[in-house]
Amino acid sequence: MESILVLTHADESGSALTKASLEAVTAGIDLASRLSAPLTIGIIAADAATAASSLPSSGARLLAISGEAFAQARYASDAAAAEALCRAASATIVLAPGTSRFARIAAGVAHRLGGFVDTHITALSGTDNIEASRWFYRQRIEAVLSRGARPWFLLLDAGTHATYAGEPGPAQIENISVELPALRTTVSGFRAPTQGAQTIRPDAKILFVAGAGWTKKQPDGQAHVAEAGELILGFLHATSASLGSSKSLVDQGGEGNSVLPFLTHLNQIGQTGATPRHAKGLSTCCHGEEPHVVGWRFIGSRRAISLDPNCGWTRGKADVVYVADAFPVMAKLNALLEAAKT
Amino acid sequence: MANVLHIVVCAGIVPDPLQTLEPITTPTGPGLKNEMVLPAVLDPWAASALYEAAALASKNPGSKLWLVSLGPKAKLQQVMMTVAQKVAFELVPLDGPIGGFPDAHSTAAVLAETIAALPGLDREKLLLFGGWESATRGAGVTLQLVGERLGITDQFQGVDQIDLRDDGSFEVLERVEGGKHQVSICAGAPAVLGWATGNLAEPRNNPQVGMANMRTIMPALAKAKVAKLEANGLSYSSVSLPKQQRTTRVVKDMTPDQIAAELVEWIGAE
Ligand SMILES: Cc1cc2nc3c(=O)[nH]c(=O)nc-3n(C[C@H](O)[C@H](O)[C@H](O)COP(=O)(O)OP(=O)(O)OC[C@H]3O[C@@H](n4cnc5c(N)ncnc54)[C@H](O)[C@@H]3O)c2cc1C
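Residues numbered from 1 in each chain as written. Chains lettered and ligands numbered in written order. Predicted model: local features only at pLDDT ≥ 70, side-chain atom pairs only at ≥ 80, totals over all residues. Heavy atoms only, no water.

Attention shifts here to the pairing of strand β4 (residues 29-32) of chain B. All names here are of chain B. When strand β3 (residues 23-26) meets β4, the two strands line up antiparallel, connected through four bridges. Looking at the pairing, Thr26 lines up with Gly29 of β4. Joining the antiparallel neighbours β3 and β4 is a turn of two residues. (Pairing = 2+ DSSP bridges. Helix = DSSP H or I, 4+ residues; strand = E, 2+ residues; numbered from the N terminus.)

For the coordinates displayed, the defined rule picks out 23 salt bridges over all chains. A salt bridge links Asp103 of chain B to Arg147 of chain A; the shortest N-O distance between them is 2.6 Å. Of this pair, Asp103 of chain B sits in the loop between β7 (90-95) and α3 (104-116) while Arg147 of chain A is found in strand β8 (residues 141-147), placing the two residues in two different chains. Overall, the relative accessible area of 4% leaves Arg147 of chain A in the buried class. Ionic pairing is found between Asp160 of chain B and Arg175 of chain B, a salt bridge with its closest N-O pair at 2.8 Å. A residue pair is termed long-range when its members are at least 10 positions apart, and Asp160 of chain B in strand β9 (residues 155-164) and Arg175 of chain B in strand β10 (residues 170-176) qualify at 15 residues. The pair formed by Asp160 of chain B and Arg175 of chain B is uniform in burial state, with each residue classed as buried. (Salt bridge = Lys/Arg side-chain N within 4 Å of Asp/Glu carboxyl O. Buried < 20%, exposed > 50% of the residue type's maximum accessible area, 1.4 Å probe, protein only.)

You'll often see interface size given as the accessible area lost when the parts meet. Chain A puts 90 residues into the contact, and the matching count from chain B is 94 residues. Together, the buried faces of chain A and chain B total about 7600 Å²; carbon and sulfur atoms form 54% of this surface. The largest contributions to the chain A side of the interface with chain B come from Tyr137, Arg184 and Arg191 of chain A, which together make up 11% of the buried area. Counting the contacts that link chain A with chain B gives nine salt bridges. Residue Glu12 of chain A pairs with Lys180 of chain B through a salt bridge whose shortest N-O separation is 3.4 Å. The interface formed by chain A and chain B contains 56 residue pairs in polar contact (both at pLDDT 80 or more). When its residues are assigned to classes, the side of chain A that touches chain B shows 42 nonpolar, 25 polar and 23 charged. (Contact = heavy atoms within 4.5 Å. Buried area = accessible area lost by both parts, 1.4 Å probe. Polar contact = N/O pair within 3.5 Å; in protein donor to acceptor, adjacent residues only side chain to side chain. Nonpolar A, V, L, I, M, F, W, Y, C, P; charged D, E, K, R; others polar.)

Taken as a whole and assessed by the stated rule, the structure comprises eleven aromatic pairs over all chains. Seen from their ring centres, Trp296 of chain A and Trp313 of chain A are 4.7 Å apart, and the 65° between their planes marks the pair as edge-to-face. Of this pair, Trp296 of chain A sits in the loop between α8 (290-293) and β15 (299-306) while Trp313 of chain A sits in the loop between β15 and β16 (320-323); the two residues are 17 residues apart in sequence, bridging distant segments of the chain. Neither Trp296 of chain A nor Trp313 of chain A differs from the other in exposure class; each is buried. Connected via pairs of aromatic rings, a cluster forms that spans Phe136 and Tyr137 of chain A together with Phe101 and Tyr236 of chain B. One cation-aromatic arrangement involves Arg134 of chain A over Phe136 of chain A; the distance from NZ or CZ to the ring centre is 4.7 Å. Just above the ring of Phe190 of chain A sits the side chain of Lys180 of chain B; from NZ or CZ to the centre is 5.1 Å. (Phe/Tyr/Trp six-rings, centres within 6.5 Å; stacked < 30°, edge-to-face > 60°. Lys NZ or Arg CZ within 6 Å of the ring centre and 35° of its normal.)

Residue and element names in this part refer to chain A. Segmenting chain A into domains produces domain 1 (4-175) and domain 2 (206-341). Averaged C-alpha coordinates put domain 1 and domain 2 at centres separated by 35 Å. Each partner contributes residues to the interface: domain 1 has nine residues there, and domain 2 has ten residues. Counting each side, the surface lost to burial between domain 1 and domain 2 is near 790 Å², with a carbon and sulfur contribution of 46%. (Domains from an automatic or database assignment.)

Looking now at the side chain of Arg147 of chain A. Reaching out from Arg147 of chain A, the side chain makes a polar contact with the side chain of Asp118 of chain A at a distance of 2.7 Å. A polar contact of 2.6 Å, which involves the side chain of Arg147 of chain A, links it to the side chain of Asp103 of chain B. Each residue touching Arg147 of chain A, except ones within four places of it in the same chain, is listed here: Phe116, Val117, Asp118 and Trp152 of chain A together with Asp103, His105, Ala231, Asn232, Gly233 and Leu234 of chain B.

With their axes 8 Å apart at the nearest point, helix α9 (residues 326-341) of chain A and helix α6 (residues 256-268) of chain B run at an angle of 50° to one another. Classified by the angle their axes make, α9 of chain A and α6 of chain B are oblique. For the pair α9 of chain A and α6 of chain B, the crossing hand works out as right-handed. The segment α9 of chain A lies against α6 of chain B, with Pro328, Val329, Lys332, Leu333, Leu336 and Leu337 of chain A engaging Pro256, Asp257, Ile259, Ala260, Ala261, Leu263, Val264 and Ile267 of chain B. (Axes fitted to C-alpha atoms, helices over the stretch in contact; angles between N-to-C directions. Parallel < 35°, antiparallel > 145°, perpendicular 65-115°, else oblique. Left-handed = near helix turned anticlockwise from the far one by under 90°.)

Shown next, in the form of structure tokens:
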């Protein structure tokens, strides 16, 4: 019989589980009930006891690793902690959120336990066995796979399961001790790559994508880069959208500096960029080439504004394409959105 | 003071992203239609790792740079014709399957064994580089597994920058959620760095570098070991292209005012 462990970790506060961790808890509860398998949840946090207070109604056995060393996301300490939790739980299936923190260690930990890992899992299915869906070739080909070997680690993509929201309260936890190796890495903090407001908002309802067209010569023979920047930031201000970019646009500035100073490679969507999840996406001045559009796999409703009636978006990649000049459209749109706010 | 580094870059080859891909079933599992004739390129994020490695090696005289690549020998040779013109490296080719469907654990085992046996490699000076995710499997696990097998417990993924200091320690920036970088200080090699885009543009082709590289690349390819990959219990029940081709409404005759009004409604709708 399978036995299931869900690995979770705290957010920057050190005492509350991340949203992605709570999504993995939901996946664990579903899977355990489907397979009638016992469920354990492992917590890694500076203050795991407080973090566990969101979990008592999960009905799971709760294992915890606490301490200052686990306030930081670092391979050596996190891998040791996850390994200890896995050994204590003796699980055959280990589910974990695909956060940067667990993506850094999951494979290493699986290897230490003689197990195997599959990542970027978007769905779990199967009744008597476990089947996992994931994409290959950067979101171009979808596969359903399974493994005969155990333990099997599955890293779940964020946004693929509902966030667990059980009744909070005091939780019974078993503290697990872990022997840390000598730590050679210190995390000193976080750095935003650009000055000014944060433009990448994973929880936003809408993704706004800017393409290289914004900086190209317009019908009047001139480029209007400053105006483009204002229109883009105006839209973000009005809607709290997350900002994405095509590769061509972020590459323009060369070594690290974009023509639009608030854009970096972290904004890039596509083959060599991100594949975010948002309910809606609006593409502007972007041609919709395949290496770009693979980054839109998990965007629900898609609209595009492009001057080119034959751009990639018109060929089954967007729901609506407005063949129009994005400058006047965005100016008007921003004005309407701001007026609606007041 | 310069630090002598031994940088090993693991980089696979992948179909050119502009190609159309179609999955098929082969006797050894899923594959791509015409996989062997699709034009291939060096895996993009691993290519960033290679360029960053070369820049780091050139700033630290006495350093060495190996490029370990597993793929069908003939395909490797094709891709190397271009890659060899970019930066100087020693190629360590492994003749094996192409594509995203073979198991990453087996790939990692073969890579680790090969790296451990590299003549002249000082494991205390080792920086293991690669892409944080491949353009085929996109799993982000291979490099981590190679690192574990080599006993390296300072690992960084989604790396965009490394600043080496005189004492051999380095500051490293890793991509984390919400468009930020996590900043860490590591005491120094050995370490694993899975690169994202980094900060360097693709170097221009330099035929002289190409000629120098090719002198060692061709004999290395001729001697390339054949790598057999285990399945490790991995099986596929379906491999398919996404079904939803959208029915696009192409709007050509609306004024900016009309479009803006329609978009406001769309943005506000649940
Ligand atoms: C290995 C590899 C990896 C790649 N990875 C990525 C990736 O991750 N992400 C990515 O985006 N690309 C990627 N690409 C590049 C991709 O193939 C395209 O070149 C790129 O997406 C084009 O960007 P763009 O549409 O912004 O620019 P362009 O192709 O220059 O298109 C600009 C568009 O703007 C329109 N336009 C101009 N002015 C206006 C206006 N006033 N109003 C409305 N429309 C206007 C034009 O009609 C045109 O359609 C990759 C390519 C390779 C080879």
